[in-house]
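Structural overview
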Amino acid sequence: MKYLVCISKVPDTTTKITFSDNDTKFNESGVQFIVNPYDEWYALVRALELKEKFGGSVTIINVGGADCDPILRKALAIGADDAVRINTNDSDAYNVANQISNFAKENAFDVILTGKETINYNGAQVGGMIAAILDYPYVSQASKLEMEGNTATIDRDIQGGTEVISVDAPFVLSAAKGLAEQRIPNMRGIMAARTKPLKVVEPIDSENLTSVISYSLPAEKGQVKLIDPENTDELVNLLHNEAKVI
Amino acid sequence: MAADRYQPHDFYQIDELLTDEQKLVRDSAREWLKKEVSPIIEDYYERAEFPKQIVPGLASIGAFGPYIPEEYGGAGLDQITYGLLMQELERVDSGVRSTASVQSSLVMYPIFKFGSEEQKQKYLPKLASGEMIGCFGLTEPDHGSNPGGMVTNFVDKGDHYLLNGAKMWISNSPFADIAVVWAKDETGRIHGLVVERGMDGFTTPEIHGKWSLRASATGELVFDNVKVPKENLLPGKSGLGAPLACLDSARYGIAWGAIGAALDCYDAAVRYSKERMQFDKPIGSFQLIQKKLAEMLTEITKAQVLTWRLGVLRNEGRATTAQISLAKRNNVDMALSIAREARQIHGGMGITNEYPIMRHMMNLESVITYEGTHDIHLLILGHHITELQAFK
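Keep in mind that what you see is a predicted model, and the values were worked out from it rather than measured.

What follows covers the overall build of chain A. For chain A, the helix and strand inventory stands at 6 helices and 13 strands. Reported as C-alpha extents along the three principal axes, the dimensions of chain A are approximately 65 × 45 × 40 Å. Buried residues in chain A amount to 39% of all 246 residues. Long-range contacts, defined here as pairs at least 24 residues apart, represent 69% of the contacts in chain A between residues at least 6 apart.

The biggest cluster of nonpolar side chains holds 112 residues, and the ones touching the most others in it are Ile60(A), Leu145(A), Phe171(A) and Trp182(B). Beyond its immediate sequence surroundings of up to four residues, Leu145(A) is in contact with Arg46(A), Leu50(A), Leu113(A), Ala152(A), Thr153(A), Ile154(A), Phe171(A), Leu173(A) and Leu179(A). In terms of nonpolar packing, the next biggest core, distinct from the first, is built from 35 residues, Met296(B), Ala342(B), Met361(B) and Leu364(B) among them.

Another point: unusual backbone geometry. For the bond running from Ala169(A) to Pro170(A), omega is 0 degrees, close enough to zero to count as cis. At Phe279(B), a residue that is not glycine, the phi angle is positive and equals roughly 50 degrees. Classification of Phe279(B) by relative accessible area gives exposed; the value is 71%.

Residues and elements named next belong to chain A. Residues Leu235, Val236, Leu239, Val245 and Ile246 make up a contiguous nonpolar surface patch of roughly 430 Å² in combined accessible area. The residue Val236 is located in helix α6 (residues 232–242) in this model. With a relative accessible area of 45%, Val236 lands in the partly exposed category.

Residues and elements named next belong to chain A. Tracing the backbone shows Thr59 in strand β6 (residues 57–63). Polar side-chain contacts of Thr59 include one of 2.8 Å to the side chain of Asp82. Contact partners of Thr59, with chain neighbours within four places excluded, come to Tyr3, Leu4, Val5, Asp82, Val84 and Phe109.

This part covers the pattern of salt bridges. Following the criterion strictly, the structure yields 36 salt bridges over all chains and no others. Its salt-bridge partner being Glu52(A), residue Arg183(A) comes within 2.9 Å of it at the nearest N-O pair. Taken together, the positions of Arg183(A) in the loop between β12 (171–175) and α5 (187–193) and Glu52(A) in helix α1 (residues 37–54) put the pair 131 residues apart, joining distant regions of the chain. Overall, the relative accessible area of 25% leaves Arg183(A) in the partly exposed class. Note that Glu36(B) and Lys35(B) form a salt bridge whose closest N and O atoms lie 3.5 Å from each other. Glu36(B) sits in the partly exposed class, given a relative accessible area of 35%. Classification of Lys35(B) by relative accessible area gives partly exposed; the value is 47%.

The next subject is the pairing of strand β1 (residues 2–6) of chain A. Residues and elements named next belong to chain A. A large share of β1 lies buried, amounting to 4 of its 5 residues. With 3 bridges joining them, β1 and strand β8 (residues 111–115) adopt parallel strand pairing. Opposite Val5, over in β8, you have Leu113 as the bridge partner.

Let us now look at the domain arrangement of chain B. Residues and elements named next belong to chain B. Along its sequence, chain B is carved into domain 1 (2–133), domain 2 (135–232) and domain 3 (241–386). Using C-alpha coordinates to define each centre, domain 1 is positioned 24 Å away from domain 2. Of the residues lining the interface, 27 residues belong to domain 1; the matching set on domain 2 comes to 21 residues. If you sort the residues of domain 1 by the area they bury against domain 2, Tyr45, Tyr123 and Ile133 come out on top, with a joint share of 29%. The interface formed by domain 1 and domain 2 contains 1 salt bridge.

What counts, and where the lines are drawn
Residues numbered from 1 in each chain as written. Chains lettered and ligands numbered in written order. Predicted model: local features only at pLDDT ≥ 70, side-chain atom pairs only at ≥ 80, totals over all residues. Heavy atoms only, no water. Helix = DSSP H or I, 4+ residues; strand = E, 2+ residues; numbered from the N terminus. Buried < 20%, exposed > 50% of the residue type's maximum accessible area, 1.4 Å probe, protein only. Contact = heavy atoms within 4.5 Å. Core = buried A, V, L, I, M, F, W, Y, C linked by side-chain atoms within 4.5 Å. Patch = residues over 30% accessible without salt bridge, like charges linked within 9 Å, V, L, I, M, F, W, Y side chains within 5 Å. Areas by Shrake-Rupley, 256 points an atom, 1.4 Å probe, with all protein chains shown as cover. Salt bridge = Lys/Arg side-chain N within 4 Å of Asp/Glu carboxyl O. Polar contact = N/O pair within 3.5 Å; in protein donor to acceptor, adjacent residues only side chain to side chain. Pairing = 2+ DSSP bridges. Domains from an automatic or database assignment. Buried area = accessible area lost by both parts, 1.4 Å probe.

This is how it looks when you write it as structure tokens:
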């Protein structure tokens, strides 16, 4: 099996978010970046586990500039065999999906994995778009993936239960929590990553279908109101008239 | 201990001076330590026991001899990466960092620098993988700041050396497989010898009752007519300069490590200041708390810049003993002061093991004394400034 894992660069979860250029750009100054956890902890690690069990190869792919190379090195240190970076802006999901699809088509991957979403923009679009462009089946939010020959059995957590799906490769999957356990790179992996190939590919012509008008931060959290546990009338009153949730 | 909520602090964006690989090694070590060591460290500290089960993991993150070349099992990394690893280890516990410092700077370093090819092949790969743990015997009961006065000695018996004497305050000694021991020959010249556990007459009694570095094992090395094979003498260098070169390496690592302990105390204090309410406000809103936090960040930032520069000099082979003394002395003192201030900010909670503060503070009382005391480092600097020696 040839696995292709899509890797995004996202700000560390503790980042203090600010915007620049009239609130149209995320201000990257002083921000620490990490591999999108859904891509790293679940999609990449499950692909590596399956490769280690049945053989094959794991290629990672990213759409972005040279500033993405450190996160690709980390994914190589965790165990991916080689990396590809498509050298263009990643601000539009369709463009990203188009670039990845083009590379995937030319290199015939059996399983394409993405995280279920990135933790910064939460778009959750790229996996589905790749599947549509390549005309592959798409299984979203997978929490378990087993392969037998060419056939995958995939669990999806759904409201109140689990859905089990069977699908033949090639297919696209988006990874949710539970698909695998995080792997921390060790020194041997970091040393091996030094010489693993990281190929930079120029993009194909593709348009951005969306553009950002502005960003804004959520409203600041209000004060917490503590209510005496005996005073249920007051609790109901506040939930009904102030919070308006019941 | 409550969950490890540590977040790094890099006020002057020193990260921009680091390579991607240096940051990857550091961040991976941090993740591993948070997952595997933070949850157990308070328990082992209280029990006064070194968590031996973490040794393979320490080896896997590169904590043992990261700058030793790959052909001998090391990672072939630079001195800044070594420093960053020591910082992350000491951020969790000075005792864990001590174990790695000793293994790297005081056991692997002398074998790599002064050992024969056979000695390097025999010991270094096993030390790098953690299969073997080493310790370093220089300090004696009556010779701490004055190691040159040591009485441990060996006599040439033709086909072997006969070693007698005792070493004191030796980190890792109770469970070490080998000891790099400094002893005088019949002419009074200091040499390094590799003594292996199991050699007749060699014992390693543990020192109990420490209120510091409790998660690290400390002991003695006792040599009672120990027959040491001649091939175990380190041939590359003799004289006091040989062990002092090892100390340069270890003290350099401690300078980085102390920043880790300081960062952990500062980080806990910042969080507590925002969460702890008094007079209906977070205590962080009071000027006296802000003064303490601002001074802590100032001192940490100065130490980060100073130590990064020392790392560059060390990578270029230009860092002097006096420069290393300045950094070790400054940074450990800085960390100890921050631990004490952070303890104050935490009020009564600061004395409990819910927070790492008091453990860091107690650990740092050793760190400020070992590897050259706080005062001896002043005298090394004084010697450098005046070219007049004050300690002899």
